Amino acid sequence: MGLQHSVQPWSPHHLMFITSPTSHAVLLLGEGRNCEMYKVLPNIAVKRGGPEGAGILGVHLEGPYISREKRGAHPESQIRTFETGAFQDLLATYGSLDNVCIITLAPELSRSGEIIQELTSRGICVSVGHSMASLEEAEKAVQNGASFITHLFNAMLPFHHRDPGIVGLLTSDKIPDEKQVFFGMIADGIHTNPAALRIAHKVHPKGLVLVTDALPALGLGNGQHTLGQQVVEIKGLKCYVAGTTTLCGSVAPMDVCVRHFFHATDCKMEMALEAASLHPAQLLGIEKQKGTLNFGSDADFVVLDDSLNVKATYISGDLVWQDSDFSH
């Protein structure tokens, strides 16, 4: 399924843990070393892709250090803060950080600054999201080392002319000159209005990273499925916590997002493709290996037709999937 929809090495947005209690198989929370996360995370090793499938670039941990008000589909009972032991609390929750490359947190939480500094010193990208943060709080997070915004416009304060909140990072003059802020956009036609896509693209095109926010239910069709311990309902490309109108992710694959973004923004085709390849590689600091076809980079690429439909997928130079009418 993934190879058909142009999934190359898994970005952190393809492999993401959500806020869940310890009793569930895919976990984020727990009590000390009894937490199942200690069993799960070490088994998701960073690895290269090949004929057997896509590689893994790392894990994106989204929650539980987020805003209760902007938790989205995250269970409120599992939301946590850093107020007691700060970084030691985080380690007690997650366990090993060896295979982690992005952590999303709400920057308005007390002691988040020292957490961000510690994480970035370990080479982990910190993303701000699921947050009620003001622009000033978001700017302080970037000054402390944060470099990404989790699904811009979603699960954060809306733009306001007196305090634009996290959205204001796109044009902030308080960002260090050497700092590049990237931001994720869910271009599935559901999470983000085309006008909002156009605004973000016009304001900060080089920081735009297309993300799917896809659930495990991608490709399984309409009906009820599970996300962590929660039941979710799929209706076309819309995903809701069952019995509510709360969006809980997407089932749009990356190629659908690229096409929607391309048509919604009327950008150059190269821009749409770079938003799904070069920009996320730059965010993670791996642009010499991923996101380009430069000499010496990994031979991970897809073959597209003029309408941006995937015709073939190559991983490490090997053809791993092809459309029935593709010839090479």
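Up top you'll find the structure we're talking about.
These numbers come from a predicted model, not from an experiment.

Student: Explain the sheet that holds strand S12 (residues 310–315) to me, and be specific about the residues and the numbers.
Tutor: One open sheet holds the three strands; their spatial order is S11-S12-S13, and the pairing between them is antiparallel. Edge positions in the sheet fall to strand S11 (301–304) and strand S13 (318–322), since each of these pairs with one other strand and no more. Taking each pair of neighbouring strands and ignoring which way they run, the sheet shows an average axis angle of 25 degrees. Bridge count for S11 against S12 is four bridges, and the pairing is antiparallel.

Student: Could you give an account of the packing of helix H5 (residues 194–203) against helix H6 (residues 254–265), naming the residues involved and the relevant values?
Tutor: Interaxial distance between H5 and H6 falls to 9 Å at its minimum, and their mutual angle equals 80 degrees. Between H5 and H6, the angle is such that the two are roughly perpendicular. Together, Pro194, Leu197, Arg198 and His201 of H5 and His260, Phe261, Ala264 and Thr265 of H6 make up the contact between the two elements. Partitioning the contact of H5 with H6 into residue classes produces four nonpolar, three polar and one charged.

Student: Before we move on, could you go through the nonpolar core and cite the residues and values that matter?
Tutor: Counting residues in hydrophobic clusters, the biggest one holds 58 residues, and the most contacted among them are Leu119 and Ile149. Among the elements that line this core, the one with the most residues is H6, at six residues. Other than its neighbours up to four places away in sequence, Leu119 contacts Phe87, Leu90, Leu97, Ile103, Leu105, Ile124 and Val126. In this structure, Leu215, Ala217, Val232 and Cys248 belong to the second largest nonpolar core, which totals 10 residues.

Criteria and thresholds
- In every chain, residue numbers begin from 1 and rise along the written sequence.
- Confidence filtering applies because this is a predicted model: local features only for residues at pLDDT of at least 70, side-chain atom pairs given and counted only at 80 or more, and all residues used for totals across whole chains, interfaces and linings.
- Note: side-chain values were computed over all heavy atoms of the structure, leaving out hydrogens and water.
- DSSP bridges decide pairing: two strands pair if at least two such bridges lie between them.
- Each helix is a run of DSSP H or I of at least 4 residues and each strand a run of E of at least 2, with the numbering of both proceeding from the N terminus.
- The axes used here are C-alpha line fits, helices contributing only the stretch in contact, and every angle between their N-to-C directions lies in the interval 0 to 180 degrees.
- Our angle categories are set so that under 35 degrees counts as roughly parallel, over 145 as roughly antiparallel, 65 to 115 as roughly perpendicular, and the remainder as oblique.
- Whether two residues touch is decided by their heavy atoms; if any such pair falls within 4.5 Å, the residues are in contact.
- Residue polarity follows a fixed list, in which Ala, Val, Leu, Ile, Met, Phe, Trp, Tyr, Cys and Pro are nonpolar, Asp, Glu, Lys and Arg are charged, and the others, Gly among them, are polar.
- Among buried residues, those of type Ala, Val, Leu, Ile, Met, Phe, Trp, Tyr and Cys that are joined through side-chain atoms within 4.5 Å constitute a nonpolar core.
- Burial classification: accessible surface area is computed with a 1.4 Å probe over protein chains only, and a residue below 20% of its type maximum counts as buried, one above 50% as exposed, and the rest as partly exposed.

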